Amino acid sequence: MFDQLQAIEDRYEELGELLSDPDVVSDTKRFMQLSKEEASTRETVEVYRRYKQVVTGIEETEELLNENLEDDMRELAKEELSDLKEEKEQLEEQIKVLLLPKDHNDDKNIIMEIRGAAGGDEAALFAGDLLNMYQSYAVSQGWKFEVMEANITGIGGYKEVIAMISGESVFSKLKYESGAHRVQRVPQTESQGRVHTSTATVVVLPEVEDVEVELDDKDIRVDIYHASGAGGQHVNKTASAVRLTHLPTGIVVAMQDERSQLKNREKAMKILRARVYDEIQQANQSEYDANRKSAVGTGDRSERIRTYNFPQNRVTDHRIGLTIQKLDQILAGKLDEIIDALIIYDQTQKLEQLNG
């Protein structure tokens, strides 16, 4: 383990030198790649360096205790030694987590798809609540949140909405959100005051680069048509809407939010590439099943992962048995408590697999 840590530290120092090299600085693409690599190892290096300081501190304090010390100095040294040993244990656990195999998608931006499912208008309204929740969370993280396509119902809910969330380590935090989200509340559309249960589904897809999944032009059918619905007079004048069909998988993406056909096509390609990549991953059952054992159910999109109970102001994540009486705060985008718990649970499962 320590050979691996030393190799990481050596590489980190090498990266620091490379990033100050004028040739690297002038090559934007390489500079960005190396900066990303440096950022991804920074925490591990900082923890490892602190670990080495603590080990040195323990050795020096033990040597000090072998000398003739006055009673008060000996007590202080013993107390310091106890604190250092406790910190050493904590750092060792932290290092084990930092050295766990990384999901290569963790640093990526995401495409999030939210759909109203069972429950009609109420499900569509709940899909809108989830959209607002994730948007507020993205703002709190300093991420960019862009709605790419939205199918809005007459009462303001969403049959379907697709958003792009960009920033640092977005997928690592939101990958556990895929699944069915259930709401229990008195619907705005219900006059009798009875609690109804509705669901909305969330799919989180990592943004995929061209080099990661090649889409051959001959495998994609492109249909251009006139946009419909809100959007102004251009709707009837310009054929700007784009529908892409990936023939080998049958995956279809339609985009009409932009006035420009080119922009609609670019957005549709991003979504298509992510969906095809996801399809390929799911087809690789052995790898996918192995991931799902420890990934807190990030694989099965039909799995009911969470319940939002309005009468009791309660949110329950069924995968880890976590219940929080703060539904109003959760829907306001304060998701850290749930997301941190999911990450810790996932890491614990992976550590148990490695040790078992």
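Keep in mind that this is a model prediction, so the values were computed, not measured.

All right, on to the sheet that holds strand 2 (residues 144-152) then. Judged by pairing direction, the sheet is mixed, and its eight strands sit side by side in the order 2-3-1-5-4-9-10-11 without closing on themselves. With partners counted over all chains shown, the strands left at the sheet margins are strand 2 and strand 11 (322-324), one partner each. Strand after strand, the sheet turns through a mean of 15° between neighbouring axes, direction not considered. Of the pairings in the sheet, the one linking strand 9 (residues 304-309) to strand 10 (residues 314-317) comprises four bridges and is antiparallel in character. Its bridge partner lying in strand 10, Y308 is registered against V315. Lying over the sheet, helix 8 (residues 261-283) contacts strand 1 (110-116), strand 2, strand 3 (158-166) and strand 5 (196-206), oriented at roughly 85° with respect to strand 1.

So, about the pattern of salt bridges. As enumerated under the stated definition, the model contains 24 salt bridges in all. One salt bridge connects D223 with R221, and the closest N-O pair in it is separated by 3.4 Å. When salt bridges that share partners are traced, they join E9, E13, R49 and K52 into one network.

Moving on, we come to the side chain of S178. Within the secondary structure, S178 sits in the loop between helix 6 (170-174) and strand 4 (179-185). A polar contact is formed between the side chain of S178 and the backbone nitrogen of V204, at a distance of 2.9 Å.

Attention now goes to the environment of G116. For G116, the location among the structural elements is in strand 1. Here the alpha-carbon distance between G116 and S198, two residues 82 residues apart in the chain, equals 8.6 Å. Discounting residues that sit within four places of it in the chain, G116 has contacts with A123, A124, A127, Y158, K159, T199 and A200.

Judged by side-chain charge, E70, D71, D72, E75, E79, E80, D83, E86 and E89 come together as a negatively charged surface patch. Here D72 shows up in helix 4 (residues 71-98). Its relative accessible area of 48% is what places D72 among the partly exposed residues.

Take helix 5 (residues 120-141) next. The terminal C-alpha atoms of helix 5, which comprises 22 residues, lie 32 Å apart, in line with the 32 Å expected from a rise of 1.5 Å per residue. Positive phi shows up at G142, right after helix 5, with a value of about 75°.

Attention now moves to the packing of helix 1 (residues 2-18) against helix 3 (residues 28-65). Where helix 1 meets helix 3, the axes come as close as 8 Å, and the angle between the chain directions of the two elements is 135°. Viewed along their axes, helix 1 and helix 3 adopt a mutual orientation that is oblique. Read as a crossing pair, helix 1 and helix 3 show a hand that is left-handed. Each of F2, L5, Q6, I8, E9, R11, Y12, E13, L15, G16 and L18 in helix 1 lies in contact with helix 3, whose residues at this interface are R30, L34, E37, E38, T41, R42, T44, V45, Y48, R49, Y51 and K52. Residue composition of the contact of helix 1 with helix 3, by class: 10 nonpolar, four polar and nine charged.

On to helix 4, then. Look at helix 4: 40 Å from first C-alpha to last across 28 residues, which is about the 40 Å you get at 1.5 Å a residue. Among the residues making up helix 4, those that are buried are A77, L81, L84, L91, I95 and L98. Lining the buried residues of helix 4 we find helix 1 and helix 3.

Phi at S169 is positive, roughly 55°, even though this residue is not glycine. Inspection of the secondary structure assignment puts S169 in the loop between strand 3 and helix 6.

This model, assessed by the stated rule, comprises two aromatic pairs. Aromatic side chains Y137 and W143 sit 5.6 Å apart centroid to centroid with 85° between the ring planes, which places their arrangement in the edge-to-face category. W143 carries the same exposure label as Y137, and that label is buried. Residue placement shows R185 over the ring face of F310; its charged tip is 4.8 Å from the ring centre.

Cut-offs and rules
Residues numbered from 1 in each chain as written. Predicted model: local features only at pLDDT ≥ 70, side-chain atom pairs only at ≥ 80, totals over all residues. Heavy atoms only, no water. Pairing = 2+ DSSP bridges. Helix = DSSP H or I, 4+ residues; strand = E, 2+ residues; numbered from the N terminus. Axes fitted to C-alpha atoms, helices over the stretch in contact; angles between N-to-C directions. Contact = heavy atoms within 4.5 Å. Salt bridge = Lys/Arg side-chain N within 4 Å of Asp/Glu carboxyl O. Polar contact = N/O pair within 3.5 Å; in protein donor to acceptor, adjacent residues only side chain to side chain. Patch = residues over 30% accessible without salt bridge, like charges linked within 9 Å, V, L, I, M, F, W, Y side chains within 5 Å. Areas by Shrake-Rupley, 256 points an atom, 1.4 Å probe, with all protein chains shown as cover. Lys, Arg positive; Asp, Glu negative; His and termini not counted. Charge placed at Lys NZ, Arg CZ, Asp CG, Glu CD. Buried < 20%, exposed > 50% of the residue type's maximum accessible area, 1.4 Å probe, protein only. Expected span 1.5 Å × (residues − 1). Parallel < 35°, antiparallel > 145°, perpendicular 65-115°, else oblique. Left-handed = near helix turned anticlockwise from the far one by under 90°. Nonpolar A, V, L, I, M, F, W, Y, C, P; charged D, E, K, R; others polar. Phe/Tyr/Trp six-rings, centres within 6.5 Å; stacked < 30°, edge-to-face > 60°. Lys NZ or Arg CZ within 6 Å of the ring centre and 35° of its normal.

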